[in-house]
Each structure stands twice: as structure tokens, then as C-alpha cells.
Amino acid sequence: MARKMSKKLTKVAKKAAPKRVDSQGARQADTKGAKPSKKPPKSTTPKAPPRKAAKRVKLLSGGNPQIAKGYGDAPVQAYIAAMPGWKGDVGRRLDSLIVDAVPDVYKAVKWNTPFYGIEQGNWFLGFHCLTKYIKVAFFRGTSLRPVPPGESKQNEVRYLHIHEDDPLDEPQFASWVKQASQLPGEKM
């Protein structure tokens with residue numbers, strides 16, 4: 001009985017034993033006579049919150065980014081950021097030239113294509129990624145001077161195809177953008 005009482009008192013004494021403080025101010029239990037732990041001590045530094053994985057944008061045929069329909073600059077910038085390889089650099093340059101030519105341009109992404117217009121639903125230009133080039137569509141392109149080189153099955157639409165190694169005639173492109181912004185846009 002005395003032995004049982006002694007064990008109980010030892011357990012109680014260990015629980016009530018004074019705590020030690022480590023060099024960082026954290027309290028630790030007195031480990032005198034304790035068995036060595038196989039586990040390393042827990043860190044007292046707080047863990048960083050888990051990082052969210054960047055949402056991957058699905059690329060459709062030809063490398064065209066699949067971006068949800070949206071109005072304003074944010075969806076257009078998301079589309080441009082998701083354009084693969086050299087097309088992303090060209091997309092940023094096209095967007096910059098369009099904004100410089102028409103500072104109050106209205107932007108949207110519809111049907112996985114960025115559109116630019118003078119107001120919502122009244123678009124004058126859009127572009128789209130294809131396998132080997134970017135296709136810029138001027139919706140009233142036959143009214144532009146000079147007329148953009150790419151023909152379309154639609155009467156008024158003209159295209160400009162930009163390939164990886166093609167230099168972009170920026171002054172001509174800016175001129176087409178200014179002209180297109182002054183024409184009645186395509187209702188979509």
C-alpha cells in the first residue's frame with residue numbers, strides 16, 4: 001500500500017513540478033528523469049497559412065484561353081495573362097495600343113475572346129488565339145483605310161493575322177483602332 005501511495009505522490013509531484021523557460025521564453029516541463037522523446041519538439045514559430053494553388057486556365061484548341069464571360073478590364077487581363085508563349089506578349093502590346101488609341105475604351109470577354117468597344121454591346125474589335133497566329137477582327141474593317149489584309153466570309157469584317165515572327169506595324173494598327181472606334185460597332 002505504501003508503494004502505491006508513493007507512485008501516486010511521484011505522479012502528482014511531476015505534474016506540479018516547476019516549469020522551465022527556454023531561451024525563447026516558451027515554458028517547458030521539467031524533464032529530469034523523464035524518458036527521452038523520439039519526436040522532435042514542436043516549433044513555437046507560427047506556421048504560414050497554406051498557399052492556394054493558382055487556378056489553371058484551360059486552353060482550348062489553338063491555345064485560346066477559356067475565360068469566363070465578364071465585363072471590364074479584369075477579365076481581359078486574365079485572358080491576356082493566360083495566352084500561351086509569345087502570344088501573351090503580343091496580347092499585352094495589342095491591349096496597350098488599343099487603350100492608347102482609345103483611352104475610354106470599353107472591354108469585355110465573351111465567347112473566350114476579348115472585345116473592345118465604345119460602350120457595352122457595341123464592339124469594334126476583338127482578338128483570338130489560334131495555333132500559329134493571333135487573329136484580330138475589325139468588325140467594320142471594310143470601312144477602314146487602308147483595309148486590313150485578311151478577308152472574311154462576313155461582308156464588313158476584316159482580319160489582321162499576327163504570326164510569331166511578324167513585326168507589328170504599330171502606327172498602322174493604332175490608326176485602324178482609332179478609325180474603328182469612330183464607326184458604328186457590332187451589336188453583340
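Here is a short report on the structure shown in this document. (Residues numbered from 1 in each chain as written. Predicted model: local features only at pLDDT ≥ 70, side-chain atom pairs only at ≥ 80, totals over all residues. Heavy atoms only, no water.)

Looking now at the nonpolar core. Core analysis: the biggest nonpolar cluster contains 29 residues, and Tyr116, Leu125, Phe127, Val136, Phe138, Phe173 and Val177 have the highest contact counts within it. At the level of elements, helix 2 (73-82), helix 3 (86-101), strand 6 (122-129), strand 7 (133-138), strand 8 (158-163) and helix 4 (170-181) are the ones that each hand at least two residues to this core. Broken down by element, this core gets its largest block of residues, five residues, from helix 3. In this structure, Ala108, Phe139, Val157 and Tyr159 belong to the second largest nonpolar core, which totals seven residues. (Core = buried A, V, L, I, M, F, W, Y, C linked by side-chain atoms within 4.5 Å. Buried < 20%, exposed > 50% of the residue type's maximum accessible area, 1.4 Å probe, protein only. Helix = DSSP H or I, 4+ residues; strand = E, 2+ residues; numbered from the N terminus.)

With that out of the way, let us pick up the pairing of strand 7. Burial analysis of strand 7 places five of its six residues in the buried class, the great majority of the element. Where strand 6 meets strand 7, five bridges bridge the pair, whose relative direction is antiparallel. For His128, the partnering residue across the bridge sits in strand 7 and is Lys135. Remark: three residues form the turn of the hairpin made by strand 6 and strand 7, two consecutive strands paired antiparallel. When strand 7 meets strand 8, the two strands line up antiparallel, connected through six bridges. Bridge assignment links Ile134 to a residue of strand 8, and that residue is Ile162. (Pairing = 2+ DSSP bridges.)

Quick look at the pairing of strand 5 (residues 113-119) now. The buried fraction of strand 5 amounts to five of the seven residues, a majority that puts the element mostly inside the structure. As judged from the five bridges shared by strand 4 (residues 106-110) and strand 5, these two strands associate in the antiparallel manner. Considered in strand 5, the bridge of Lys107 is made with Tyr116. Linkage of strand 5 to strand 6, two consecutive antiparallel strands, is achieved through a turn of two residues, within which Gly121 is found at a positive phi near 85 degrees.

Think of two packed helices as two axes; the pair is described by the angle between the axes and how far apart they sit. Two elements in contact, helix 3 and helix 4, have axes separated by 9 Å at closest approach and are oriented at 55 degrees. One finds that helix 3 runs oblique with respect to helix 4. When you trace helix 3 past helix 4, the crossing you get is right-handed. Where helix 3 abuts helix 4, its residues Arg93, Leu94, Leu97, Ile98 and Ala101 lie against Glu170, Phe173, Ala174, Val177 and Lys178. Across the contact of helix 3 with helix 4, the residue classes tally to seven nonpolar, no polar and three charged. (Axes fitted to C-alpha atoms, helices over the stretch in contact; angles between N-to-C directions. Parallel < 35°, antiparallel > 145°, perpendicular 65-115°, else oblique. Left-handed = near helix turned anticlockwise from the far one by under 90°. Contact = heavy atoms within 4.5 Å. Nonpolar A, V, L, I, M, F, W, Y, C, P; charged D, E, K, R; others polar.)

This brings us to the environment of Val147. The residue Val147 is located in the loop between strand 7 and strand 8 in this model. Residue class for Val147 comes out partly exposed when judged on its relative accessible area of 34%. As for Val147 and Trp176, which are separated by 29 residues in sequence, their C-alpha atoms are 8.6 Å apart. Those residues in contact with Val147, other than ones at most four positions away along the chain, are Gly141, Thr142, Arg158 and Trp176.

By themselves these figures say nothing about function.
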